[in-house]
Amino acid sequence: MTTLLITHAYILTMDDHQREIPDGGLFVRDGFVEQIGPTSELPATADEVLDLTGHLVLPGLVNTHHHFYQTLTRAIPAAQDANLFNWLTTLYPIWARLNPEDIFTSAQTALAELALSGCTTASDHLYLFPNGSKLDDEIAAAQEIGLRIQASRGSMSLGQSQGGLPPDSVVDSEESILKDSQRLIQQYHDPKPGAFVQIVLAPCSPFSVTSDLMKQSAVLAREYGVHLHTHLAETEDEEQFCLQRFGHRPVGYMQEVDWVGGDVWFAHAVWVNQEEIGVFAKHHCGVAHCPTSNMRLASGIAPVKEYRAAGVNVGLGVDGSASNDGSHLLAEVRNAMLVSRVKEGLTGYSLSNDPNRKLMTAREALHLGTRGGAAVLGRTDIGSLEAGKCADFFAINLNRIGFTGMHDPVAAVVFGQSVNADYTVVGGRFVVREGQLCTVDQGRLIEKHNKAAKRLLAD
Ligand SMILES: [Zn+2]
């Protein structure tokens with residue numbers, strides 16, 4: 001039994017009442033929040049007591065879409081100014097050289113960046129397994145760093161010779177994909193509250209797997225009660241691909257292969273119409289909104305306001321580290337708020353006198369990054385700070401130059417320049433303390449990562 005007491009912080013709970021507690025605190029026992037409230041009402045002591053006067057404490061951010069391995073291939077000149085399909089075809093041959101050690105190292109780097117940005121649960125989508133790489137490699141990395149992981153067993157089975165986008169060298173047989181998916185679920189998936197590892201089945205995208213693999217993955221996932229994830233409606237050329245190959249728009253194709261339900265979430269979902277938003281709402285599909293990647297690849301702006309109005313769960317994702325090219329989830333919260341305002345501007349906001357037409361607020365953007373993300377992943381044990389939930393939170397010291405003159409402690413961290421967390425705690429355990437990672441040696445990780453990145457691009 002270990003206990004942790006946080007005192008004298010400004011707490012954003014993200015509970016159903018949107019409660020904020022000035023001079024608040026948390027009492028944590030064995031990884032879960034036991035009590036939350038004004039400091040004066042909490043136990044006087046614990047195994048560890050941390051006075052966070054002058055800090056904002058928020059629920060840990062939940063990352064709903066990422067490709068950790070891409071930290072090795074950021075800002076490659078030939079892929080800097082390309083659209084999605086050209087970006088992918090430039091990078092596929094480089095990714096084909098990855099080895100198991102690269103998967104481990106890149107996952108640690110991405111998770112380290114995420115932890116430093118306030119993230120406590122990360123979903124990762126690994127969809128190529130060259131040279132003996134396995135999903136196990138990134139799970140091991142997450143276990144060492146100390147973040148929760150929704151490890152998505154991705155897959156690609158539709159190579160160029162069959163009309164797909166990826167080269168045949170990075171696709172696998174469907175039989176081996178399904179066999180490995182089953183092994184991973186049996187070996188790692190923990191359905192209990194407080195789980196550190198959950199498995200997700202995640203064929204990569206409509207243009208890289210067959211309809212048969214989509215259907216069989218859904219059957220397998222439902223047999224074990226694990227969730228399903230894929231890229232969908234990211235760009236206009238994907239829409240054309242789906243119409244030509246499957247005779248459906250992307251969302252219609254998902255209905256065709258039985259990929260709608262509360263156990264499914266889609267990355268991006270930018271190019272959808274009102275009727276398709278209705279399909280997501282009716283079937284409780286979730287959306288991972290990745291604003292930075294969508295801007296970086298000029299993919300478009302997802303209709304987040306319309307999703308929320310229809311009751312669709314929306315979370316945030318940093319997306320692959322080579323289409324961002326960072327893994328800072330608090331920055332994603334900021335960009336989600338800002339890009340939603342760009343969309344308003346493009347659709348006549350300044351000319352509108354409608355008082356009901358509201359801009360996305362800082363708190364709404366933070367809701368996407370916390371409660372929204374938890375709902376998308378199907379987790380009720382994370383996303384808010386309440387008694388009985390996981391003790392996952394981060395703290396930011398507001399006494400810094402960029403926050404001077406801010407008149408709202410919560411809005412400060414979204415409107416202001418995105419900063420790193422001073423403390424990140426996952427299940428009651430410190431992953432970041434006084435701004436430094438405390439579960440891995442950051443200097444050694446950077447050195448190892450840079451060496452691997454250089455090797456991938458050599459010859
Ligand atoms: Zn992605």
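Every value quoted in this text rests on a predicted model; they were computed, and no experiment measured them. (Residues numbered from 1 in each chain as written. Predicted model: local features only at pLDDT ≥ 70, side-chain atom pairs only at ≥ 80, totals over all residues. Heavy atoms only, no water.)

S.K.: Describe unusual backbone geometry, listing the residues and the values that go with them.
M.R.: In this model, Asn324 is joined to Asp325 through a cis peptide bond whose omega is -5°. Its location among the elements puts Asp325 in the loop between β13 (314-316) and α11 (329-346). (Helix = DSSP H or I, 4+ residues; strand = E, 2+ residues; numbered from the N terminus.)

S.K.: Which residues make up helix α2 (residues 100-116), and what values go with them?
M.R.: Compared with an ideal rise of 1.5 Å per residue, which puts 17 residues at 24 Å, α2 spans 24 Å between its outermost C-alpha atoms and is within 8% of the ideal. At the N-terminal end of α2, a side-chain oxygen is found 3.0 Å from the backbone nitrogen of Glu101, two or three residues along, and the residue is Asn99. Following α2 by one or two positions, Gly118 adopts a phi angle in the positive range, close to 100°. (Expected span 1.5 Å × (residues − 1). Polar contact = N/O pair within 3.5 Å; in protein donor to acceptor, adjacent residues only side chain to side chain.)

S.K.: Quick rundown of the packing of aromatic side chains? Include the residues and the values.
M.R.: Applying the stated criterion across every chain yields a total of 11 aromatic pairs. Measuring from ring centre to ring centre gives 6.4 Å for Phe207 and Phe241, while their planes differ by 80°; the resulting arrangement is edge-to-face. Pair noted here: Phe207 is in the loop between β9 (197-203) and α5 (211-224) and Phe241 is in helix α6 (residues 236-246), with a separation of 34 residues, a long-range link. Both residues of the pair, Phe207 and Phe241, belong to the buried class. In this structure an aromatic cluster arises from ring pairing among Tyr69, Trp87, Tyr92, Trp95 and Tyr127. Arg153 extends its terminal NZ or CZ atom over the ring of Phe129, reaching a point 4.1 Å from the ring centre. Just above the ring of Phe430 sits the side chain of Arg433; from NZ or CZ to the centre is 3.9 Å. (Phe/Tyr/Trp six-rings, centres within 6.5 Å; stacked < 30°, edge-to-face > 60°. Buried < 20%, exposed > 50% of the residue type's maximum accessible area, 1.4 Å probe, protein only. Lys NZ or Arg CZ within 6 Å of the ring centre and 35° of its normal.)

S.K.: Account for the nonpolar core, with residues named and values stated.
M.R.: Nonpolar side chains in soluble globular proteins tend to be buried together. Ranked by internal contacts, the top residues of the largest apolar core, which has 126 residues, are Trp87, Trp95 and Phe280. Excluding its chain neighbours within four sequence positions, the residues that come into contact with Trp95 are Tyr69, Gln70, Thr73, Trp87, Leu88, Tyr127, Leu128 and Pro130. By size, the runner-up hydrophobic cluster in this structure holds 19 residues, among which are Leu4, Leu52, Val57 and Ala395. (Core = buried A, V, L, I, M, F, W, Y, C linked by side-chain atoms within 4.5 Å. Contact = heavy atoms within 4.5 Å.)

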